[in-house]
Amino acid sequence: MRKKERALAFANALEKLYPDAICSLEYKDPFQLLCAVQLSAQCTDARVNLTTPALFAAYPDAKAMASAPLEEVERLIKPCGFYHNKAKNLIKCAEQLLEDYNGAVPDSMEELLKLAGVGRKTANLILGDVYKKGGMVIDTHAKRILYRMGLTTKTDPTQVEMETTPLIPTNMQSDFCHRLVLFGRDICTARKAYCEKCPATDFCPKKNPKKA
Ligand code: SF4
């Protein structure tokens with residue numbers, strides 16, 4: 001099976017397994033998603049979801065966040081870890097949104113990458129989930145599973161993104177990446193691949209080397 005066919009078969013198998021896959025971060029608008037994704041670095045989505053209600057109650061939009069006292073944002077987001085840097089970035093990012101984008105979240109990779117604390121993973125998530133433009137969100141689960149599935153030979157997230165973006169149709173990329181997170185927690189986990197429970201064994205080269 002060719003790589004592109006395998007990628008599509010895998011995406012379809014995951015869609016059957018997790019038909020309702022959505023972003024596990026809770027948010028009400030693009031600004032809140034942008035903040036939540038930044039907080040999720042080196043932190044679980046569950047912990048972020050416990051932290052953001054108080055943060056967004058105090059600072060619900062770019063205007064409020066841009067004028068927030070640093071120590072107060074640090075206090076509110078402390079459970080998410082790396083809170084000095086994350087708080088600094090949230091405030092700086094909000095200032096940039098206010099000054100350069102009238103408080104809105106931009107809709108291009110180029111503009112998103114200009115924002116404090118925003119890397120390609122965050123930008124792709126915003127482009128896919130908010131603007132429906134597609135985007136491969138390469139987190140630790142995606143990196144591991146795409147490698148095991150033989151869809152990338154790389155380990156650097158940006159290189160994995162470049163290598164796998166052409167393999168998955170644009171309109172499927174966002175949901176596919178959300179499903180990779182669930183699949184990575186349940187079945188193809190970091191500690192062990194539970195191949196006996198996997199719907200992709202027929203075309204996974206790790207499980208079936210002759211089919212690669
Ligand atoms: S067959 Fe095994 S290694 Fe391959 S994707 Fe499924 S769980 Fe992971």
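Residues numbered from 1 in each chain as written. Predicted model: local features only at pLDDT ≥ 70, side-chain atom pairs only at ≥ 80, totals over all residues.

Peer 1: What's the story with the overall build of the protein chain in this structure? I'm lost.
Peer 2: What the protein chain contains, in helices and strands, is 11 helices and 0 strands. For the protein chain, the succession of helices and strands along the chain, N to C, is α-α-α-α-α-α-α-α-α-α-α. Here the C-alpha atoms of the protein chain give a radius of gyration of 18 Å, agreeing with the 17 Å that 2.2 N^0.38 yields for 212 residues. Each principal axis of the C-alpha distribution contributes one length, and for the protein chain these read about 60 × 30 × 30 Å. Residue burial in the protein chain is summarised as follows: out of 212 residues, 38% are buried. (Helix = DSSP H or I, 4+ residues; strand = E, 2+ residues; numbered from the N terminus. Rg over C-alpha atoms; globule rule 2.2 N^0.38 Å. Buried ≥ 20, exposed ≤ 12 C-beta atoms within 10 Å, placed from the backbone.)

Peer 1: Looking at this structure, I do not really get the packing of helix α1 (residues 3–17) against helix α11 (residues 170–186). What am I missing?
Peer 2: Between two packed helices, the angle of one axis relative to the other and the distance separating the axes together describe the packing. Running from N to C, α1 and α11 cross one another at 65°; their axes reach a closest spacing of 10 Å. With respect to α11, the axis of α1 lies roughly perpendicular. Crossing handedness for the pair α1 and α11: left-handed. Facing α1, whose interface residues are Ala11, Leu14 and Glu15, α11 presents Met172, Phe176, Arg179 and Phe183. Grouping the constituent residues of the contact of α1 with α11 by class yields 5 nonpolar, no polar and 2 charged. (Axes fitted to C-alpha atoms, helices over the stretch in contact; angles between N-to-C directions. Parallel < 35°, antiparallel > 145°, perpendicular 65-115°, else oblique. Left-handed = near helix turned anticlockwise from the far one by under 90°. Contact = placed C-beta atoms within 7 Å. Nonpolar A, V, L, I, M, F, W, Y, C, P; charged D, E, K, R; others polar.)

Peer 1: Mind showing me how you'd approach the site of the ligand here?
Peer 2: The immediate surroundings of the ligand are formed by 13 residues, with Cys188, Cys195, Cys198, Cys204 and Lys207 found nearest. Here the shell around the ligand is composed, by residue class, of 9 nonpolar, 1 polar and 3 charged. (Near = placed C-beta within 6 Å.)

Peer 1: It is not clear to me how the domain arrangement of the protein chain should be interpreted in this structure. Could you clarify?
Peer 2: Taken domain by domain, the protein chain holds domain 1 (3–22 + 136–207) and domain 2 (30–129). For domain 1 versus domain 2, the separation of C-alpha centres amounts to 27 Å. Counting residues at the interface gives 9 residues for domain 1, matched by 6 residues for domain 2. Among the elements of the structure, α10 (157–164) and α11 are those that each provide at least two residues to the side of domain 1 that touches domain 2. If you tally residues by element for the side of domain 1 that touches domain 2, the top one is α10, at 3 residues. Classifying every residue of the side of domain 1 that touches domain 2 gives 4 nonpolar, 3 polar and 2 charged. (Domains from an automatic or database assignment.)

Peer 1: Which parts of the structure should I look at to understand the environment of Ile91?
Peer 2: Counting through the fold element by element, Ile91 comes out in helix α6 (residues 83–101). Residues contacting Ile91, with those up to four places away along its chain left out, are Met65, Ala66, Ala68, Leu70 and Val73.

Peer 1: So what exactly am I meant to see when it comes to unusual backbone geometry here?
Peer 2: Excluding glycine, a negative phi dihedral is what most residues carry, and trans is how most peptide bonds are arranged. With phi around 55°, Asn102 is a residue other than glycine that occupies positive phi space. Residue placement: Asn102 occurs in the loop between α6 and α7 (109–112). Given 8 C-beta atoms within a 10 Å radius, Asn102 is considered exposed. With a phi close to 55°, Lys132 is a non-glycine residue in the positive phi region.

Peer 1: Please clarify how the environment of Pro106 should be interpreted in this entry.
Peer 2: Structurally, Pro106 can be placed in the loop between α6 and α7. For Pro106, a count of 22 C-beta atoms within 10 Å corresponds to the buried category. Residues Pro106 and Val73, 33 residues apart in the sequence, show an inter-C-alpha distance of 23 Å. In this structure Pro106 touches Tyr101, Glu111 and Leu112, once residues within four positions along its chain are discounted.

Peer 1: Hey, could you run me through the nonpolar core in this one?
Peer 2: Nonpolar side chains tend toward joint burial in soluble globular proteins. Counting residues in hydrophobic clusters, the biggest one holds 54 residues, and the most contacted among them are Leu90 and Ile126. With 7 residues, helix α2 (residues 30–39) is the largest single contributor of residues to this core. Per-domain counts for this core show at least three residues from each of domain 1 (3–22 + 136–207) and domain 2 (30–129). Once residues within four sequence positions are removed from consideration, Ile126 is found in contact with Pro30, Leu33, Leu34, Val105, Leu112 and Tyr131. (Core = buried A, V, L, I, M, F, W, Y, C linked by C-beta atoms within 7 Å.)

Peer 1: Please clarify how helix α5 (residues 70–77) should be interpreted in this entry.
Peer 2: Buried within α5 are the following residues: Val73, Leu76 and Ile77. Each buried residue of α5 sits inside an arc of 85° when the element is viewed along its axis, so together they form one side. Buried residues along α5 sit in contact with α2, α3 (45–58) and α6. (Arc of directions from axis to C-beta.)

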